[in-house]
Structure formats: structure tokens, C-alpha cells
Amino acid sequence: MAEARGGGARPSRPPGLHAVVGHEELQARLSRSVERGRLPASVLLHGPVGVGKQRLALWLGQRLLCEEGSACGRCRSCRLALRLEHPDLHWFFPLPRPKGASTPSRLREKLEESRLEELEERRARPLAVRDFDGATGLYLAAVQQMKAMASRRPAMGKRTVFVVGDAESMVPQASSPEAANAFLKLLEEPPEDAFILLTSSRPGALLPTIRSRTLGLRVLPVPTGAIEGLLVEVAGVDADRAASLARRSQGSPGRALRALSEESGAARGRAQDLLKAALSRDRVDRWSFAASLPPSGARGDFDEVLASATELLRDLLTASLGRPELGFDPGAAAALAGAAPPAHALLRAIALVEEAREEAAGNLNPQAITAGLLVDLGSALESP
Ligand SMILES: [Zn+2]
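In what follows, the accompanying structure is described.

Quick notes on the rules
- Residues numbered from 1 in each chain as written.
- Predicted model: local features only at pLDDT ≥ 70, side-chain atom pairs only at ≥ 80, totals over all residues.
- Heavy atoms only, no water.
- Phe/Tyr/Trp six-rings, centres within 6.5 Å; stacked < 30°, edge-to-face > 60°.
- Buried < 20%, exposed > 50% of the residue type's maximum accessible area, 1.4 Å probe, protein only.
- Helix = DSSP H or I, 4+ residues; strand = E, 2+ residues; numbered from the N terminus.
- Lys NZ or Arg CZ within 6 Å of the ring centre and 35° of its normal.
- Donors = N, O, S within 2.8 Å, 3.2 Å for Na, K, Ca; no water.
- Tetrahedral: all angles 85-135°; square planar, octahedral: opposite > 155°, others 65-115°.
- Salt bridge = Lys/Arg side-chain N within 4 Å of Asp/Glu carboxyl O.
- Pairing = 2+ DSSP bridges.
- Axes fitted to C-alpha atoms, helices over the stretch in contact; angles between N-to-C directions.

In this section: the packing of aromatic side chains. Overall, the coordinates contain two aromatic pairs when judged by the stated rule. Pairing Trp91 with Phe93 gives two aromatic rings, centres 5.4 Å apart and planes at 85°, and the pair type is edge-to-face. Both residues of the pair, Trp91 and Phe93, belong to the buried class. Ring plane angle 40° and centroid distance 6.4 Å describe the contact between Phe92 and Phe162, whose orientation is recorded as tilted. Residue Phe92 is located in strand S3 (residues 89-92), and its partner Phe162 is located in strand S5 (residues 160-164); the two are separated by 70 residues in the primary sequence. Across the pair, Phe162 and Phe92 agree in class, each one buried. The residue whose ring lies beneath Arg97 is Tyr139, and the NZ or CZ to ring-centre distance is 4.2 Å. Sitting above the plane of the Phe92 ring, Arg115 keeps its charged end 4.0 Å from the centroid.

Structure representation (C-alpha cells):
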């Protein structure tokens, strides 16, 4: 359904949300409102695409539910919120319309199922860029689901919090305004102790009646340094690359992560070609792959290809040990699995690629390194 391209963003820490970056002032302001009991029940966070509006709304939800009253990050409520598992913090976002739902109640069920699946994905890979094929929306059935949840008592604390991302997609067509109207009713008659936190990068597309019932807060672009920090510390990107991605991101961590995953996607494609060339007994294939690499320079890119090759070999290894679900990208590895080399051959191959990475760091010519690597890999992987 959705395609996740996590790129070099394989999480090395327990899955969960990364810290909010670059919105300290707004966080302090929101914190003060919560402390004084002055936060309105409906808030609209608006600002450019990818600046972290939904992340900020999730933080505010955590803040509202924290047992210490501070988004401490340590209490049970905070830990659940950070793992997207808090029973009173509900995150809604546009989803594709489920197929084959014959009745409205079936549609609501299916939509809720796919929301929970999507949350599962986001929990497992919080930095991955999520894309759906085709149109998505926040449908009437989702709003009805929210209403039903809002009418229940909170499961853990005193409050229920809804985060509604891309809220403008509640009006996919002017001819069917039901979702927006149903939502309007929810805002007009808010359940006691429920907070509704909307986010939108196109607030002008929201119904004016919805806008007028929310407190609008502008979320500003994130300083470049903060985006760099996120890329280095959380996504594990090296400093030079992080600096360049951050500069190009126009203050949007989301855009930087997208560019990162696109670059890594390209590198993975090249890594797949590299392993195919190694597995092919055809010397022409091997030489033409080596020749397709730049004779010098672009060392960062070449290292990324080799790093991706190691990742693919690891995926093949987990598959050969009967645990493909532990792999990073089982689909990509499956494309090579026709050869299914044994585990010891794959371990040898990983060592060879890592040696090549060290050579590449020592400024040797990528073509020469690759030509040698392909021959060594070929014999390692063909060994019985
Ligand atoms: Zn807490």
C-alpha cells in the first residue's frame, strides 16, 4: 500500500519518535498555555510542508497527557506516546480509500484497520518517507471514528487528544463536504477534556468555519543547524552530507529526509546492480558495471553504494537464515535471491565489501576497486 524509503536512516535506537527539532519557542509558548490551563480545545498548527507540524502536535499531545505535567519523556504515559501506543492519543492522517467496503460501517472498519497498520509502519521506521499510490483523504468514516473515540472516557488519564494531520484533506471534493461538516460538529460540541490538534500546510483550503473555531499557530521553518543535527544524530548521516542536505531543505526536516531517502534509493539500485554483476559469470557484465562508475571523485556517493551493498548482503543473510522479516528491505534482497548463496559465503562477501569501503576511503580509484571486488565477490558467492 505505502512505500517506505528509509534510506540511510536505519534506526539504531528503539523505534519511536525522534525529538522535536527547531521549535523551542513555540514549544515553550504551548507549554505555558497548558500549565495555565489556557490551551483551547482546538488548535491549528499551520506552516510550510515538512517543518514538523505533526511531530509538534504529537509532542503537544504527549505534553497534555504526561503524568509529570511536562512531556518528561520518562513516565509511562510519555513512553507510550513516544512509541505511538498511547490509548488516549489518536493520530489521524489522510489514507487511501479502502476498496471493497460495501457498507458505511465496513468502510469505517477497514479505514481504521489501515490507520493502525500505517501507525505500525511509522512506529517501526519513524524517519522513513511515507508515500501512497493514488489519492488519499480524511473521509467521513474517519471523522465518525474520531467522534466515537471522543465520546468514550479516556483509557489512562483525564484527557483524550486527537492529532489530525493534513486537515485540509477533509474536503477532497466540494460536492461531498460531509467529512468537513461532521468534523465541524465535533469542534462545535467538543467532548469534555478532548483536545483536537489540527495541522495543515494549506490552511486556506480548510472550511472558514473550521478555521474560525481553532486557535491558529504558525509553525516556522527550522534553522539549518537543527536539521543538520537531526540528520547526524538521528538518521546517522555523515556531517558533510548532513550539511548539504540541510542547506537544500529550505528549513524543512521533512524535505531533507525525503532527499536523503531518494539518494539512498538510487544508491541501493546501484548496489543491486553491483551484486548482480558479481553473481553473473559474465566478465563483460562485471567490467561494464565497473566502467560505469566514475574513475575518481564522488567518493561519498561510491561509499553509499558500497554501504547499500553491505545492507543488501545482510538482508540476504537474514533471508538465508530463515528470518527475512529481520531484514531492512526484504523486497530488494528478494530480487537477488535467485542465487541464494549460503550464510558463510554471504559473511565472506560482507567482509569483502567492507574492505573495499576502506580502500575507497584511502582515495583509490572506484573503478579499480570495483573491478577487483566483483571478481572476489563472484568467487566468494559461488563457493559451495
Ligand atoms: Zn511524562
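Following the structure, the description resumes.
Let us look at the coordination of the zinc ion. For the zinc ion, the full set of protein donor atoms is Cys66 (SG), Cys72 (SG), Cys75 (SG) and Cys78 (SG), and the range of their distances to it is 2.3 to 2.4 Å. Considering all four donor atoms around the zinc ion, angles at the metal cover 106 to 115° and the coordination shape is tetrahedral. Expressed as a motif, the donor residue spacing for the zinc ion is C-x5-C-x2-C-x2-C. Overall, Cys72 belongs to the buried group, its relative accessible area being 15%.

What follows is about the pattern of salt bridges. Side chains carrying opposite charge are able to pair once their charged atoms draw close together. Going through the model one piece at a time under the given rule, you end up with 15 salt bridges. A salt bridge links Arg123 to Glu85, with the shortest nitrogen-to-oxygen separation between them at 3.9 Å. Taken together, the residues span a long stretch of sequence, with Arg123 in helix H4 (residues 104-124) and Glu85 in the loop between helix H3 (76-82) and S3 at a distance of 38 residues. Here Arg248 makes a salt bridge to Glu263, at a shortest N to O gap of 3.3 Å. Separated by 15 residues along the polypeptide, Arg248 in helix H9 (residues 239-248) and Glu263 in helix H10 (residues 253-279) bring together distant segments of the chain. One continuous salt-bridge network, built from bridges that share partners, spans Arg83, Glu85, Glu120 and Arg123.

Another aspect to go through is the sheet that holds strand S7 (residues 215-218). The strand order across the open sheet formed by five strands is S3-S5-S6-S2-S7, and the pairing between neighbours is parallel. Two strands bound the open sheet, and with one partner strand each, they are S3 and S7. Mean inter-strand twist for the sheet, computed between neighbouring axes without regard to direction, equals 20°. Where S3 meets S5, four bridges bridge the pair, whose relative direction is parallel.

Any link to function would need more than the numbers given here.
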